[in-house]
2 protein chains.
Amino acid sequence: MGRTLTYPKRDANTVNRYKHRATYDLGAIHSIINSSQVLHVSFSPGPSDPFPAMLPMIGQMGSFDYPSAGFDEPLDCYLHGYVSSRIMNLARKSEGDGLPLCIAASRVDGLILSLTPNSHSYNYRSAILHGYARLVTDEAEKLWAMKLITNSVLADRWDHTRVPPDNAEMSSTVILKVRIVDGSGKIRDGGVSDERKDKSNDDVTKRVWTGVVPVYETFGDPVPSPENKVSEVPEYITSFIANMNKRNRDYAETAVNVTLPAEEQH
Amino acid sequence: MGRTLTYPKRDANTVNRYKHRATYDLGAIHSIINSSQVLHVSFSPGPSDPFPAMLPMIGQMGSFDYPSAGFDEPLDCYLHGYVSSRIMNLARKSEGDGLPLCIAASRVDGLILSLTPNSHSYNYRSAILHGYARLVTDEAEKLWAMKLITNSVLADRWDHTRVPPDNAEMSSTVILKVRIVDGSGKIRDGGVSDERKDKSNDDVTKRVWTGVVPVYETFGDPVPSPENKVSEVPEYITSFIANMNKRNRDYAETAVNVTLPAEEQH
């Protein structure tokens, strides 16, 4: 009761720099992933290529077995892609646990403008996950994941479109299910942090403006397509836009005023 | 004269899905990288770990030998990090060409809301680069790259702070220089694209609102730090914010009206 679930700390996911900013809490990490519009997914393309491969993908965490699970509970990561893409072919052919992936999401919440370039920073939230990917073959789970992912782009959109997908649509879409092995997050909020040597130097403080510029994503006014036949923009769209704009802006502006931890109060 | 430089197409960077959206032009790719506030950098942590590693990093492309080089010319990617971080240790120990990296940046410019989940999309810009990383050891080049990266966070910030960095600051900061081997970009702009079977179905078109929601990053009003002693927000900061907000919003709103290529005009 009240226990916070955390990912195990392995070498691969342990944060060594600015440790006080690190989090291993499932809730914090899953919330960063699920509020990101794009995930970067990295995998090894095979022994003949020295470089890791990376793809921007749309994905979302959830539990098919326990659909009501909260962000702070164990979840799988579902990624959406095209049937013949390289990552899907590699996952299809992978043996053992599945295709090893690294999934990352980051967003900037503010520019931290301090006295020296060295103490400049961002307010930001970032998360990484490691896990093994397999193709979802169960049709009910696949449909559930497609709905989950569509509704992550715009809340409640699925039921307001032509569904279910037909056979051609189902077979051209592939969903990867990533069983998560570990993860970590890093969150920086607060204001400017400078060293005593600069703060006590009047020549510097008189000349250099210090502060934070909040940064947030904005959703603009919906532009109907030339073929659209619904006269008014539906309420679920306008309220989604209003909610997201308020949430994003509030987060960035509130983050400025968070008290910095002792480690950074020079 | 007038020739467009392009990256070579290798297996690792060739786009196979929606090929008409792909670009190999140095100018387009470098411009996506350099306008991104965060890059995701992937590398192999070594044979004992099955998962690629990934880090959010700040970086910028430029040419130390030809500082006036444009985006469409051959450039190196400079990445900023901490002296004892894992990626820096791996790069320091790497033999041969350097540490193989994949660098990615993506941004969403709009939500494409069409009749079916299957034809939903984003307007977006994404780029990946492959290359070999080495630590910058030349002090002049390192200082040049630090200035380049600081000014990418906020134009002209470097000269308005306490510079140059002192010895401790120089030695705690490491700059990676990535020699680029190949790269590719993918750009989606335009409006909604639906299949004839749905466009001709009145039951669907009467019920489903279709259109685009522009998405863009906004920089808010600067919040001075409690210790700031410069009474007015300097002009180089206010004009940066105004320019970026106009650029981001204009791009997202203009992208909506780009004519879709024939491949997508169902």
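Each remark here, short or long, concerns the structure printed above.
Quick caveat: nothing in here was measured; it's all calculated off a predicted structure. (Residues numbered from 1 in each chain as written. Chains lettered and ligands numbered in written order. Predicted model: local features only at pLDDT ≥ 70, side-chain atom pairs only at ≥ 80, totals over all residues. Heavy atoms only, no water.)

Asks: Report on the interface of chain A and chain B, specifying residues and quantitative values.
Replies: With 95 residues of chain A at the interface, the matching set in chain B holds 95 residues. Here chain A packs against chain B, burying approximately 7700 Å² in sum over the two surfaces, 61% of which is carbon and sulfur. Run the count over chain A and chain B and you get ten salt bridges. When the shortest N-O distance is used, the salt bridge between Asp166 of chain B and Lys197 of chain A registers 2.5 Å. Our count for the contact surface shared by chain A and chain B stands at 35 residue pairs in polar contact (both at pLDDT 80 or more). The greatest single-element share of the side of chain A that touches chain B, amounting to ten residues, is contributed by strand E5 (residues 99-113) of chain A. Considered class by class, the residues forming the side of chain A that touches chain B number 51 nonpolar, 24 polar and 20 charged. Bridging between strand E8 (residues 211-219) of chain A and strand E9 (residues 223-224) of chain B involves two bridges; their strand directions are antiparallel. Counted as the bridge partner of Val212 of chain A is Val223 of chain B from E9 of chain B. (Contact = heavy atoms within 4.5 Å. Buried area = accessible area lost by both parts, 1.4 Å probe. Salt bridge = Lys/Arg side-chain N within 4 Å of Asp/Glu carboxyl O. Polar contact = N/O pair within 3.5 Å; in protein donor to acceptor, adjacent residues only side chain to side chain. Helix = DSSP H or I, 4+ residues; strand = E, 2+ residues; numbered from the N terminus. Nonpolar A, V, L, I, M, F, W, Y, C, P; charged D, E, K, R; others polar. Pairing = 2+ DSSP bridges.)

Asks: Can you tell me about helix H7 (residues 235-255) of chain A, naming the residues and giving the values?
Replies: For H7 of chain A, with 21 residues, the first-to-last C-alpha span of 30 Å sits near the 30 Å given by 1.5 Å per residue. On its buried face, H7 of chain A sits against E5, strand E6 (121-135), helix H3 (139-153) and E8 of chain A together with strand E5 (99-113) and strand E8 (211-219) of chain B. (Expected span 1.5 Å × (residues − 1).)

Asks: Run through empty space enclosed by the protein, naming residues and quoting values.
Replies: Considering all chains together, one arrives at one cavity of 30 Å³ or more under this definition. By volume, the largest cavity amounts to about 30 Å³. Residue lining of the largest cavity: Tyr122 of chain A together with Asn34, Ser36, Gln37, Ile58, Gly59, Gln60, Ser152 and Val153 of chain B, and that is the complete set. Listing elements by their share of the lining of the largest cavity, those giving two or more residues are strand E3 (53-62) and helix H3 (139-153) of chain B. Ranked by residues supplied to the lining of the largest cavity, first place goes to E3 of chain B with three residues. Residue composition of the lining of the largest cavity, by class: three nonpolar, six polar and no charged. (1 Å grid on protein atoms, 1.4 Å probe; cavity = no way out; pocket = protein on both sides within 12 Å on 5 of 7 lines; lining within 4 Å. Points joined across faces, edges and corners; volume = space filled by probe spheres on them.)

Asks: Got a sec to walk through the packing of aromatic side chains? Specific residues and values, please.
Replies: Counting across every chain of the model gives eight aromatic pairs over all chains. Ring geometry for Phe51 of chain A against Tyr132 of chain B: centres 5.0 Å apart, planes inclined by 55°, an arrangement best described as tilted. Linking Phe51 of chain A in the loop between strand E2 (39-43) and strand E3 (53-62) with Tyr132 of chain B in strand E6 (residues 121-135), this pair reaches from one chain into another. For the residue pair Phe51 of chain A and Tyr132 of chain B, the accessibility class agrees, reading buried in each case. Ring centres of Tyr78 of chain B and Trp144 of chain B lie 5.3 Å apart, and the angle between their planes is 75°; this geometry places the pair in the edge-to-face category. Taken together, the positions of Tyr78 of chain B in strand E4 (residues 76-82) and Trp144 of chain B in helix H3 put the pair 66 residues apart, joining distant regions of the chain. (Phe/Tyr/Trp six-rings, centres within 6.5 Å; stacked < 30°, edge-to-face > 60°. Buried < 20%, exposed > 50% of the residue type's maximum accessible area, 1.4 Å probe, protein only.)

Asks: Could you give an account of the relation of the copies chain A and chain B, with specific residues and numbers?
Replies: Taken as rigid bodies, chain A and chain B are interconverted by a rotation of 180° and an axial shift of 0.0 Å, the fit giving an RMSD of 0.0 Å. As the rotation angle and translation indicate, the two copies are arranged about a two-fold axis. Proximity to the rotation axis, assessed at the C-alpha, singles out Glu217 of chain A in chain A; its C-alpha lies 2.2 Å from the axis. Same-surface contact between copies: 100% of interface residues of chain A are shared with the interface of chain B. (Least-squares fit on C-alpha atoms with pLDDT ≥ 70 in both.)

Asks: If you had to explain unusual backbone geometry to someone new, which residues and values would you point to?
Replies: All names here are of chain A. Here the bond from Val163 into Pro164 is cis, since omega is -5°, no more than 30 degrees from zero. Phi at Asp156 is positive, roughly 75°, even though this residue is not glycine. As for its placement among the helices and strands, Asp156 is situated in the loop between H3 and helix H4 (167-172).

Asks: So, the pairing of E5 of chain A: which residues are in play, and what are the values?
Replies: Residue and element names in this part refer to chain A. Burial within E5 is extensive, with 14 of its 15 residues counted as buried. As defined by bridge partners, E2 adjoins E5 across three bridges and the pair is classed as antiparallel. Bridge pairing links Val41 to Ile103 in E5. Sheet analysis places E5 next to E6, joined by 13 bridges and oriented antiparallel. Note that in E6 the partner of Arg107 across the bridge is Arg125. Sheet topology note: the E5/E8 ladder contains four bridges and is antiparallel.

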